[in-house]
Each structure stands twice: as structure tokens, then as C-alpha cells.
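# Structural features, examined
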Amino acid sequence: MEIMLTMLLSFATAVSPTVVNADFEQKDARTGLPTGWAFTSLPDRQHLVNYRTTQVAAEQGQTRALSITVASDHPEHKVAYNIHQDLKGLTPGKSYRVSARVCTRGLKTLPMIVVQCIDASGSRFLGFARSQQRELPGDLDHWEQIQTDIVIPEGTSTVRLRIGIPSAGNAGGTAIIDDVNMVEMN
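It should be emphasised that the depicted structure is a prediction, and the values quoted were computed from it without experimental measurement.

## Brief notes about the overall build of the chain
A count of helical and extended segments in the chain gives one helix and ten strands. Counting over 186 residues, the chain shows a buried share of 42%. For the chain, the proportion of contacts with a sequence separation of at least 24, taken over those separated by at least 6, is 74%. Counting every atom, the chain has about 10400 Å² of accessible surface; 52% of that belongs to carbon and sulfur.

## Topic: the packing of aromatic side chains
Enumeration according to the criterion identifies two aromatic pairs in this entry. If you follow R101 out to its NZ or CZ, it ends over the ring of W143, 4.2 Å from the centre.

## A look at unusual backbone geometry
Located in the positive-phi region is F24, a residue other than glycine, with phi close to 60°. Summarising the element assignment, F24 is placed in the loop between α1 (2–13) and β1 (38–39). Unusually for a residue other than glycine, D179 sits at a positive phi of about 50°. As for its position among the elements, D179 is in strand β10 (residues 174–184). Note on D179: relative accessible area 33%, which makes it partly exposed.

## Here's the deal with the pattern of salt bridges
Per the stated rule, a full pass over the model turns up six salt bridges. Among the salt bridges present, the one from K94 reaches E184, with a minimum N-O distance of 3.3 Å. Taken together, the residues K94 in the loop between β4 (80–87) and β5 (95–105) and E184 in strand β10 connect sequence positions 90 residues apart. Take K94: its relative accessible area is 29%, and that puts it in the partly exposed class. Judged by relative accessible area, E184 falls into the partly exposed class, the value being 31%. A salt bridge links D178 to R101, with the nearest nitrogen and oxygen atoms 3.8 Å apart. Placement of the pair is D178 in strand β10 and R101 in strand β5, with a sequence separation of 77 residues. In this structure R101 comes out as partly exposed when scored by relative accessible area, which is 26%. Salt bridges sharing common partners tie together R101, D178 and D179.

## Overview of the environment of R45
Mapped onto the secondary structure, R45 falls in the loop between β1 and β2 (49–58). Classification of R45 by relative accessible area gives partly exposed; the value is 31%. Excluding residues that lie within four positions of it along the chain, R45 makes contacts with P75 and H77.

## Some words on the nonpolar core
Counting 39 residues, the largest nonpolar core has L161, I177 and V180 as the members making the most contacts within it. Not counting residues within four places of it along the chain, the set of residues in contact with V180 comprises V19, A22, F24, W37, S99, A100, L161 and I163.

## Brief notes about the environment of F128
With respect to the secondary-structure elements, F128 resides in strand β7 (residues 125–130). Taking the C-alpha atoms as reference points, F128 and I152, separated by 24 residues in sequence, lie 9.1 Å from one another.

## Here's the deal with the pairing of β7
Note: strand β6 (residues 112–118) against β7, five bridges, orientation antiparallel. Within β7, the position partnered with C117 by the bridge is G127. Remark: six residues form the turn of the hairpin made by β6 and β7, two consecutive strands paired antiparallel; G122 in that turn has positive phi of roughly 80°.

About the thresholds
- Residues numbered from 1 in each chain as written.
- Predicted model: local features only at pLDDT ≥ 70, side-chain atom pairs only at ≥ 80, totals over all residues.
- Heavy atoms only, no water.
- Helix = DSSP H or I, 4+ residues; strand = E, 2+ residues; numbered from the N terminus.
- Buried < 20%, exposed > 50% of the residue type's maximum accessible area, 1.4 Å probe, protein only.
- Contact = heavy atoms within 4.5 Å.
- Areas by Shrake-Rupley, 256 points an atom, 1.4 Å probe, with all protein chains shown as cover.
- Phe/Tyr/Trp six-rings, centres within 6.5 Å; stacked < 30°, edge-to-face > 60°.
- Lys NZ or Arg CZ within 6 Å of the ring centre and 35° of its normal.
- Salt bridge = Lys/Arg side-chain N within 4 Å of Asp/Glu carboxyl O.
- Core = buried A, V, L, I, M, F, W, Y, C linked by side-chain atoms within 4.5 Å.
- Pairing = 2+ DSSP bridges.

Here it is, written out as C-alpha cells:
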């Protein structure tokens, strides 16, 4: 009985990594953007990318997802437009898998997940992982899962999670992103 109780207590106190607003259901009433996330854009050129929540069909009815659209007249600058948030409390030496579901319209390349491990000074990258890169022959009309795995290096203070699309070759294209998930692998 004591062994069972100990197992239950250890399970209840185990901390799993949490991605805030991973399904994009909560949005800021003023901006309409998903809460818990930051958004990249070029200074004084925010019009080159559009972030918004959008309604998508789900088995249980309508749900929200994130939409990222690169302007059709985007110059040939290489910019990685992404949403991001800093995650705390991941355990050094442990392996994690980060995934999300994506659909695309007019993109030439698959959306990406990037995980960056940063030291306490905030200036040194200790680890990096990126989901598979792939050219797209056409739109992804059905949800596809993208993912990457990372082992958190010793000395990591912050894990920065980024999800988005590169601008190069993707002018006028849109990525729809939903159901971000992070799980411990070991």
C-alpha cells in the first residue's frame, strides 16, 4: 500500500513542461493575438507579416488556430517570422519532443519548430534543434505534424520555443498552426 501511495505522490508532483496557450484558444481582447506568445517582425515593417487567430474545423466543432501570412510583396530579405515563448523548468540532461500540427496555403517550404537553449546571461546558446526542412510541392490541405527533439544541455536557464515560417520563397503564403505539444522523452 505504501509503495502504491509513493508512486501516486511522485506522479502527482512530477512537473511536465508547459507551453502556454498551446492551442491558441485564448486571445488578447485588444489585439486579437494569442496570449502567452511573442511575435517577430521587422522594425517599422510590421505590414510584411500578418499574425492572427483563425477558426478551424475540429472533431468537436470549431476551434482556434494561429495563422501566419507573409505579405505578397515581401522583399527578398531572409526573415524567420515566428511566434515564440520562453519556457522555464526543463531539466538538463532530459530529452524533450516538441510538435505542432500545420496546414499551408501558398508556401514553398514546410513551417518550422525551433528550440533554443540559452544560458543564464541570455547571451550564449548552449543547444539548438529544428524540425525537418522540406520543400512543399503544393498546399498541405490536411493537418501534418512537425516535430523536433532536443536534449537540454547543462547550464541552460531558458528554453526558447519558436514556431513559424521563413520569408524566403514564401511571399503571399500562409501557415496555419495548432496544438503545440512538448513532452519529456526519458
